[in-house]
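Below, each chain spelled out in residue letters.
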Amino acid sequence: MKTPLYQMHVKLNGNIVDFAGFELPVDYGSILEEHKCVRERVGLFDVSHMGELTVKGKDAESALNAIVTNDIRGMYDGQVRYSLLPNEKGGAVDDILIYHKNAEDFLIVVNASNTAKDAKWFETHLPSGDYKFENISDKVAQIAIQGPMGEAVLKKIIADEFIPKKYYSFIDNVDFGGINSLVSRTGYTGEDGFEIYVKNADAETAYEMMLNAGKEFNIMPCGLGARDTLRLEAAMPLYGHELGEDIPVAEVGLDFAIKLGKENFVGKEAILNCKKEYVRVGAFALKGIVREHSDVYVGDEKVGTVTSGTFAPTLKKAVCMLRIKADAVDKNLEADVRGRRVALFVTPLPFYKRAK
Amino acid sequence: MRYLYTKTHEYICIGSGKTVQVGISDYAQKQLGDIVYVNLPEMGQTFSKGEVFAAVESVKAASDILGPCDGIITKVNLELDGRPELLNEDPKKNWICEAEIRGSIPTDLMSEEKYLKYIATL
């Protein structure tokens, strides 16, 4: 599948790869430069592959609250909240962002690779009531503008009052240089930034507007490669890596998004009963890049696996996230890197945190 | 100086005498993208044709370096330890190691001209 920005990526010399069935650029020349550009200035990402679902109606809030781990009651209009979408075993169907337009109108943003699965899950697991569920993914394009100068770029395109002030808040029906859009102060880079939702037909215009407005800040188009190194430095979990159907959400260190105090929801029992045998930890390595799927050992005993790993461009060293047995955390850990043992040094997450 | 290449994109640079320099081709560094780590071989280590003796890693992937011939390593380019990006900047100037060839130069190595034709087909 192609996003509405495909031709733009070709024009910008993007190196196109297949990602979750979408043809998207892994980079436009250099992952390292794109990464640096987002940390220091501003970068532009096509994230139109992400899925968008809506739940609208009188019972939308209670229905949605019955299938997510976070508590969505009491959110203000224009607030965004991260949540897990748990299965009955306490694993994750997906991790999602919930946009509260009002108590009867929610937008849910999901991972590209899970859109079809999630839509089906919503249809079969939302309790019956007075609401309407819709998968609008095919109609919506999403562009992320990330980095400390993102706000300055947006101010050249939209009026000040349409720029969401708080992180994890959004404004709907924003006049984006003549285009109707939803602007949210969110992102997947560990940097300040925004995500702009527009109709497919408006995607190219919106993208070009930001590219042009960003010129004076040396904005760069950024690909999936930098998106991954940026999120990994910020220790943000990625579905299929840190999260999955068979990985208990209680073991991933996302308790801030799991509200066990609220009434029954899908998977609550399993989450409560989770033995928490495994934990998610961060580590760095000094001799080579430790990548996902590598096994982790204490001596001869396999204690877990590497769920994500890369070279962290800001820290200039190899970092990885591990899923290992809880009692192995303070032992001498080693990863098997293509037949070679590489020492791992556990370090607190996130690896990178922006200065406020 | 004469450069000979393997199909797996290593080169040997032949000067006078038995010592050669071993590195990766410009095509290889471009394919890898930003190189961020070089798993260097050790001095005195021997290598055999077609067998892994070092590796280069970019943000995207790890790539083995295979012996272009049989040899023994006499010098390692330790500068690559702290500055792996030198391989992106100039892979010919920044060879990975110097080695003494054991036996004769394999006949399947390609001249620069032949190698350029070969990569044009990839």
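Scroll up for the structure.
Let me sum up the structure you'll find in this document. Quantities reported herein were computed from a predicted structural model and do not represent experimental measurements.

## Quick look at the interface of chain B and chain A
Many authors give the size of an interface as the accessible area that is lost as the parts come together.
No. 1: Contacts between the two partners involve 12 residues from chain B and, on the opposite side, 15 residues from chain A.
No. 2: Together chain B and chain A conceal approximately 1,200 Å² of surface at their shared face, both sides included; 50% is due to carbon and sulfur atoms.
No. 3: Across the salt bridge formed by B:Asp64 and A:Arg338, the nearest N and O atoms sit 2.9 Å from each other.
No. 4: One can count 11 residue pairs in polar contact (both at pLDDT 80 or more) joining chain B with chain A.
No. 5: Every element with two or more residues in the side of chain B that touches chain A is listed here: strand 4 (35–39), strand 6 (52–58) and strand 7 (62–66) of chain B.
No. 6: Taken together, the residues that form the side of chain B that touches chain A break down as 6 nonpolar, 2 polar and 4 charged.

## Side note on the packing of helix 2 (residues 31–40) of chain A against helix 7 (residues 224–233) of chain A
Residue and element names in this part refer to chain A.
No. 1: Closest axis-to-axis distance for the helix 2/helix 7 pair is 8 Å, and the angle between their directions is 55 degrees. On the basis of their axis angle, the class for helix 2 and helix 7 is oblique. In this structure, helix 2 crosses over helix 7, and the sense of that crossing is right-handed. For the pair helix 2 and helix 7, contact is made by Ile31, Glu34, His35, Val38 and Arg39 and by Gly225, Ala226, Thr229, Leu230 and Glu233, respectively.

## Brief notes about helix 4 (residues 112–120) of chain B
Residue and element names in this part refer to chain B.
No. 1: Every buried residue of helix 4 is listed here: Tyr115, Tyr118 and Ile119. The buried residues of helix 4 all sit within an arc of 90 degrees when viewed along its axis, so they share a single face. Turned more than 90 degrees off the buried face of helix 4, the exposed positions are Glu113, Lys114, Lys117 and Ala120.
No. 2: Those residues of helix 4 that are buried are in contact with strand 1 (2–5), helix 1 (26–32) and strand 10 (110–111).

## Considerations on helix 4 (residues 115–125) of chain A
Residues and elements named next belong to chain A.
No. 1: Along helix 4, the residues that are buried comprise Thr115, Asp118, Ala119, Trp121 and Phe122. Within helix 4, the buried residues cover an arc of 160 degrees as seen down the axis, which keeps them to one side. Summarising the geometry of helix 4, the exposed residues directed more than 90 degrees from the buried face are Ala116, Lys120, Glu123 and Thr124.

## Side note on the environment of A:Gly129
Residues and elements named next belong to chain A.
No. 1: Topologically, Gly129 is positioned in the loop between helix 4 and strand 8 (132–135).
No. 2: By relative accessible area, which is 42% here, Gly129 ends up partly exposed.
No. 3: Each C-alpha atom, one on Gly129 and one on Leu154, is 40 Å from the other, the two residues being 25 residues apart in sequence.

## What to know about the sheet that holds strand 9 (residues 140–146) of chain A
All names here are of chain A.
No. 1: Across the sheet, which stays open at both edges, the 6 strands sit in the order 10-11-12-9-3-13 with mixed pairing between neighbours. If you trace the sheet from one side to the other, it starts and ends with strand 10 (170–176) and strand 13 (220–222), each paired once. Direction aside, neighbouring strands of the sheet carry axes that sit 30 degrees apart on average.
No. 2: Across 5 bridges, strand 10 lies against strand 11 (residues 179–184) in antiparallel orientation. Residue pairing in the sheet places Phe170 in a bridge with Ser184 of strand 11.
No. 3: Its contacts with the sheet place helix 2 against strand 3 (43–46), strand 9 and strand 13, and it is angled at close to 115 degrees to strand 13.

## Overview of the sheet that holds strand 6 of chain B
Residues and elements named next belong to chain B.
No. 1: Pairing within the open sheet is antiparallel, and its 3 strands lie in the order 4-6-7. Both edges of this open sheet fall to strand 4 and strand 7, since each of them pairs with a single strand only. Within the sheet, the average angular offset between the axes of one strand and its neighbour, ignoring direction, is 25 degrees.
No. 2: Relative to strand 6, strand 4 is paired through 4 bridges, and the arrangement is antiparallel. Its bridge partner lying in strand 6, Asn39 is registered against Ala55.

Reading guide: rules and limits
- Numbering of residues starts from 1 in each chain and follows the order in which that chain's sequence is written.
- Chains carry letters from A onward and ligands carry numbers from 1 onward, assigned in written order.
- Local features are withheld for residues below a pLDDT of 70 in this predicted model, meaning they are given only at 70 or higher, and side-chain atom pairs are given and counted only at 80 or more; totals for whole chains, interfaces and linings count all residues.
- Note that water and hydrogens are dropped before the side-chain values are worked out from all heavy atoms of the structure.
- Residue contacts are counted whenever heavy atoms from the two residues lie within 4.5 Å of one another.
- Two parts placed together each lose some accessible area; with a 1.4 Å probe, that loss summed over both constitutes the buried area.
- Salt bridges are counted wherever a side-chain nitrogen of Lys or Arg sits within 4 Å of a carboxyl oxygen of Asp or Glu.
- Polar contact is defined as a pair of N or O atoms within 3.5 Å, subject to the rule that within protein one atom must be able to donate a hydrogen and the other to accept it, and that residues adjacent in sequence are counted only when both atoms are side-chain atoms.
- Every helix listed is a DSSP run of H or I at least four residues long, and every strand listed is a run of E at least two residues long, numbered separately from the N terminus.
- Amino acids outside the nonpolar list (Ala, Val, Leu, Ile, Met, Phe, Trp, Tyr, Cys, Pro) and the charged list (Asp, Glu, Lys, Arg) are all regarded as polar, and Gly is one of them.
- Between the N-to-C directions of two axes lies an angle of 0 to 180 degrees, each axis being a line fitted to C-alpha atoms and, for a helix, fitted only over the stretch in contact.
- Should an angle lie under 35 degrees it is considered roughly parallel, over 145 roughly antiparallel, and from 65 to 115 roughly perpendicular; all remaining angles are considered oblique.
- With the far helix as reference, a near helix turned anticlockwise by less than a right angle produces a left-handed crossing, and one turned clockwise produces a right-handed crossing.
- To sort residues, take the accessible area from a 1.4 Å probe on protein chains only and compare it with the maximum for the residue type: under 20% means buried, over 50% means exposed, and anything in between is partly exposed.
- Our arc is simply the arc of the directions from the helix axis toward the C-beta atoms.
- Two strands pair under a simple rule: DSSP has to find at least two bridges between them.

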